[in-house]
Amino acid sequence: MEHVEGSTLAALANGRGLPLDDACRYAAQVIHAVAYAHDCGIVHGDLKSSNIMIARDRRAKILDFGLAIRLTNGGRERQRVDALAGDREPALSRADLERTAAVASHSVSPV
């Protein structure tokens, strides 16, 4: 597991939001990472700004795959990625995308 030094997106936004260029940069990185995970059949299931770390080099990293599931057999079957994920219902990839959009919109500075 990689150790990432930095701050969560939630801490950086701190209720005030981020400058638009920073918010767009991080949103693009998160969208790319979520798309890659989905291409690999992994659904995060708990995307939120406190699960996104902005490293010191300004790269966004998605944290906490504890609720993640692996879609198999063309998406018809689901397997837990982590057996310790608990007994919550797994999220679908559409929910990951909706949460990504919500995180992006909430990280922008109010005008």
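Here's what I pulled together on the structure shown here. None of these values were measured; they are calculated from a predicted model.

### So, the sheet that holds strand β1 (residues 6–8)
- The strand order β1-β3-β4 describes an open sheet built from 3 strands, whose pairing is antiparallel. For this open sheet the edge positions go to β1 and β4 (60–62), each flanked by a neighbour on one side alone. Geometrically, the sheet is characterised by an average inter-axis angle of 30° between neighbouring strands, direction not taken into account.
- Note: strand β3 (residues 52–55) against β4, 3 bridges, orientation antiparallel. Looking at β4, one finds that Ile52 is bridged to Ile62.
- Packing of helix α2 (residues 20–39) onto the sheet brings it into contact with β3 and β4, and relative to β4 it is tilted by some 35°.

### Side note on the pattern of salt bridges
- Throughout the structure, instances matching the rule amount to 6 salt bridges.
- One salt bridge in this structure joins Asp22 and Arg25, with 2.8 Å as the shortest N-O distance. With Asp22 and Arg25 both in helix α2 and 3 residues apart, the pair spans about one turn of that helix.
- Given the relative accessible area of 28%, Arg25 is considered partly exposed.
- Salt bridges sharing partners connect three or more residues here, namely Asp22, Arg25 and Arg58.

### Observations concerning the environment of Ala10
- Along the chain, Ala10 turns up in helix α1 (residues 9–13).
- In the structure, Ala10 is positioned 42 residues away from Ile52 in sequence and 7.8 Å away in space, judged by C-alpha atoms.
- Aside from chain neighbours lying at most four places away, what touches Ala10 is Ser49 and Ser50.

### Digging into α2
- End to end, α2 covers 28 Å across 20 residues, agreeing with the expected 28 Å (1.5 Å per residue, within 8%).
- Residues Asp22, Ala23, Tyr26, Ala27, Val30, Val34 and Ala37 constitute the buried set of α2. With its buried residues spanning 125° around the axis, α2 presents them on a single face. The exposed set on the far side of α2, more than 90 degrees from its buried face, consists of Leu20, His32, Tyr36 and Asp39.
- Trailing α2 by a residue or two, Gly41 shows a phi angle of about 85°, which is positive.

Parameters and conventions
- Residues numbered from 1 in each chain as written.
- Predicted model: local features only at pLDDT ≥ 70, side-chain atom pairs only at ≥ 80, totals over all residues.
- Heavy atoms only, no water.
- Pairing = 2+ DSSP bridges.
- Helix = DSSP H or I, 4+ residues; strand = E, 2+ residues; numbered from the N terminus.
- Axes fitted to C-alpha atoms, helices over the stretch in contact; angles between N-to-C directions.
- Contact = heavy atoms within 4.5 Å.
- Salt bridge = Lys/Arg side-chain N within 4 Å of Asp/Glu carboxyl O.
- Buried < 20%, exposed > 50% of the residue type's maximum accessible area, 1.4 Å probe, protein only.
- Expected span 1.5 Å × (residues − 1).
- Arc of directions from axis to C-beta.

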